[in-house]
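# An overview of the molecular structure
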Amino acid sequence: MNKLIKKTLTNCTFTISDFEQTKQKVLNWVQQFSTFCFLDNHQYQIEPHSMECLLAAGVKRQLRTDAGSALEAFQHFIDEKQSWLFGHLGYDLKNEIEKVASANPDHIGFPDLFFFEPEIIIRLSATEIIIEADDPAVVFDAITKEPEIYKSSATFNKDIEIENRISRLAYIAIIN
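Residues numbered from 1 in each chain as written. Predicted model: local features only at pLDDT ≥ 70, side-chain atom pairs only at ≥ 80, totals over all residues. Heavy atoms only, no water.

With that out of the way, let us pick up the pattern of salt bridges. Tallied over the entire structure, the rule returns eight salt bridges. The residue E80 makes a salt bridge to R61 at a minimum N-O spacing of 2.9 Å. Here E80 is found in helix α2 (residues 70-80), whereas its partner R61 is found in strand β4 (residues 61-65), with 19 residues between them in sequence. The class for E80 is partly exposed, based on a relative accessible area of 49%. (Salt bridge = Lys/Arg side-chain N within 4 Å of Asp/Glu carboxyl O. Helix = DSSP H or I, 4+ residues; strand = E, 2+ residues; numbered from the N terminus. Buried < 20%, exposed > 50% of the residue type's maximum accessible area, 1.4 Å probe, protein only.)

Listed below in structure tokens is the structure:
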């Protein structure tokens, strides 16, 4: 009986003829993932310039934590395995580095530190797309089958109601 001992990602390069169209198809394709990071250079030409876009999609492993011992946990996460990591560092991590504290309300609810190792990496340049995945050809095929126009899974309600957190008078008092 054959047994899979280790499955590693494969790197494949595919030629593209239309950068903008491919970029749009990649953005349409990635909507199926609940976690992804899309970094776009917006064709800004400064050396060393190598990629227009970098996409990390899916989660192999992740670290999600709040300030306290987050930086120590992050170092352990990095040391665990050398790999691509994408994520964010929140403002309150400053409390782990300096003797400062803040008690600002958190209305968004993001963790102070979140990083993930992606299942798929896509690097897009003007003439090629490099896909790092278990099966890059399957990913490329799925991307090429996406529509050229933007498709959004979001629906918008025209009756959006915005509420102030503080009154106009309180705001003016703060400014003064």
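Three or four residues apart is the spacing at which side chains of an α-helix point the same way, because the helix has 3.6 residues per turn. Restricting attention to buried positions, one finds in helix α1 (residues 19-29) the residues F19, T22, K23, K25, V26, N28 and W29. The inward-facing, buried residues of α1 contact β2 (36-40), β3 (53-57), β7 (120-124), β8 (128-133) and α4 (136-144). Its side-chain oxygen 3.2 Å from the backbone nitrogen of E20, D18 forms the N-cap of α1. (Contact = heavy atoms within 4.5 Å. Polar contact = N/O pair within 3.5 Å; in protein donor to acceptor, adjacent residues only side chain to side chain.)

In this section: the packing of aromatic side chains. Enumeration according to the criterion identifies six aromatic pairs in this entry. Seen from their ring centres, F14 and F140 are 4.2 Å apart, and the 0 degrees between their planes marks the pair as stacked. Residue F14 is found in strand β1 (residues 10-15), and its partner F140 is found in helix α4; the two are separated by 126 residues along the sequence. Like F14, the residue F140 is buried in the burial classification. Taken together, the ring pairs in this structure connect W84, F86, F114 and F116 into an aromatic cluster. (Phe/Tyr/Trp six-rings, centres within 6.5 Å; stacked < 30°, edge-to-face > 60°.)

In this section: the layout of surface pockets. Reported here for the largest pocket is a volume of approximately 300 Å³. The wall of the largest pocket is formed by 14 residues, among which D92, P105, D106, F110 and D112 lie closest to the centre. When grouped by side-chain class, the residues that make up the lining of the largest pocket number five nonpolar, five polar and four charged. (1 Å grid on protein atoms, 1.4 Å probe; cavity = no way out; pocket = protein on both sides within 12 Å on 5 of 7 lines; lining within 4 Å. Points joined across faces, edges and corners; volume = space filled by probe spheres on them. Nonpolar A, V, L, I, M, F, W, Y, C, P; charged D, E, K, R; others polar.)

For K94, the location among the structural elements is in helix α3 (residues 94-97). Within the structure, the side chain of K94 is placed 2.9 Å from the side chain of N95, a separation counted as a polar contact.

This part covers the packing of α1 against α4. Following both chains from N to C, one finds α1 and α4 inclined at 105 degrees, their axes separated by 8 Å at the closest point. As summarised for this structure, α1 and α4 are arranged roughly perpendicular, according to the angle between their axes. Mapping the contact onto sequence places K25, V26 and W29 in α1 and V139, A142, I143 and T144 in α4. (Axes fitted to C-alpha atoms, helices over the stretch in contact; angles between N-to-C directions. Parallel < 35°, antiparallel > 145°, perpendicular 65-115°, else oblique.)

The next thing to look at is the environment of D66. Its location among the elements puts D66 in the loop between β4 and α2. Note: C-alpha distance between D66 and P111 (45 residues apart in sequence) is 5.3 Å. Within polar-contact distance, the side chain of D66 engages the backbone nitrogen of D112 at 3.0 Å.

Time to look at the sheet that holds β4. Here three strands make up an open sheet; going across it, the order is β4-β6-β5 and the pairing antiparallel. The open sheet terminates on both sides in strands that have one partner only, identified here as β4 and β5 (86-89). For this sheet, the mean angle separating the axes of adjacent strands, direction not counted, is 5 degrees. As paired elements, β4 and strand β6 (residues 113-117) share five bridges and run antiparallel to each other. The residue of β6 that forms the bridge with R61 is E117. Sitting on the sheet, α2 touches β4 and β6, and the angle it makes with β4 is about 170 degrees. (Pairing = 2+ DSSP bridges.)

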